[in-house]
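Single-letter residue listing:
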Amino acid sequence: MQLLVQFIMRLSFGLAAAMLCVSPRQVTSGYYRNNMYVLLGLGVLASLVAWMAPADSAIPVWPAVLVAAASYVGAVAWLYEKAGPGFIALAAIAASSLTGAWLSQANAAKDAPVGVVTTDGVAPRSTAPQMAGVSGTLRTLDPVAGGLVLGVTMAAMLLGHWYLNAPGMSLAPLKRLVTCMVAALLVRGALAGAGLVLELGAAGAFDLSQWLFVAMRWLMGLVGGLIVAFMARQTLKIPNTQAATGILYVGVVFAFVGELTAQLLSRGKPFPL
């Protein structure tokens, strides 16, 4: 349950943050309104999962509830084409989601007995004292980078789909999101690479099964995502938004698989992978 709530909170943060980068002067309000419904569903799902989780699971409920409430308010704002309140709601969603991801991660580590690992926590005996600060910094950045990869990729796919409803919109916002997707993947790759090197130095070589998951994480979640972004960018030069949207659908699948694999690989390890 912890892994699911973490994934939803990261996705909600990234999607809200990506929508903040799209100009309402270039994109019709229906795009924001429909995505608010997506965020509302994610918030409700995370709230139910956190509420039904065991009492000792350390999953906070209130950030997910705030995400759902802000999504509802934002959907109403965009229904009446009120961009100002709509963007305030998006900022609230991003802040609440990221806070929820950080809190659940910190609580899991804090509540773990010495020498015991949890879903998103670390084993206190597994990290050298001088590396504790590095581990904490990387784990703080992990939900931010992972959430941006998930959210920007999904926001780009949903925007590409929205061109079917409003074909007269400028392609500039979609191109911008694809560029942001590349930037998010590069940052995520740097963070994952640093975590992998440090983990290998602290724990030694992985076994074959772990290396297979690492390969899937990198080939699909990072390298595959960059290839998808390049293909989408080239397709938009034609321009063909339908083909680009189909390519971005693949990118969303790659991002989901890559980030879920990364969360599984990082379970009980001091450094995010």
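Residues numbered from 1 in each chain as written. Predicted model: local features only at pLDDT ≥ 70, side-chain atom pairs only at ≥ 80, totals over all residues. Heavy atoms only, no water.

Moving on to the overall build of the protein. Secondary structure summary: the protein contains eight helices and zero strands in total. The linear arrangement of helices and strands in the protein, starting from the amino end, is α-α-α-α-α-α-α-α. Taking all 273 residues of the protein together, the buried fraction comes to 51%. Of the contacts made within the protein by residues no fewer than 6 positions apart, 77% connect residues no fewer than 24 positions apart. If you sum the accessible surface of the protein, you get close to 11800 Å²; carbon and sulfur atoms cover 71% of it. (Helix = DSSP H or I, 4+ residues; strand = E, 2+ residues; numbered from the N terminus. Buried < 20%, exposed > 50% of the residue type's maximum accessible area, 1.4 Å probe, protein only. Contact = heavy atoms within 4.5 Å. Areas by Shrake-Rupley, 256 points an atom, 1.4 Å probe, with all protein chains shown as cover.)

Once that is clear, we can look at the pattern of salt bridges. All told, the structure shown has four salt bridges when counted by the stated rule. For Arg217, the salt bridge identified is with Glu259, shortest N-O distance 3.4 Å. Of the two residues, Arg217 is situated in helix α7 (residues 208-236) and Glu259 in helix α8 (residues 241-265); the sequence distance between them amounts to 42 residues. For Arg217, a relative accessible area of 0% translates into the label buried. (Salt bridge = Lys/Arg side-chain N within 4 Å of Asp/Glu carboxyl O.)

In this description, a pair of aromatic rings is defined by centroid distance and the angle of the planes. For the structure on display, the rule yields six aromatic pairs. For the pair Trp78 and Phe87, a centre-to-centre distance of 5.5 Å together with 75° between the ring planes defines the contact as edge-to-face. The exposure class assigned to Trp78 is buried, which follows from its relative accessible area of 2%. A relative accessible area of 21% places Phe87 in the partly exposed class. Connected via pairs of aromatic rings, a cluster forms that spans Tyr31, Tyr32, Trp78 and Phe87. (Phe/Tyr/Trp six-rings, centres within 6.5 Å; stacked < 30°, edge-to-face > 60°.)

Taken together, the side chains of Met1, Val44, Leu48, Trp51 and Met52 define a hydrophobic patch exposed on the protein surface, amounting to about 580 Å² of accessible area. Mapping Met1 onto the fold places it in the segment before α1 (2-20). (Patch = residues over 30% accessible without salt bridge, like charges linked within 9 Å, V, L, I, M, F, W, Y side chains within 5 Å.)

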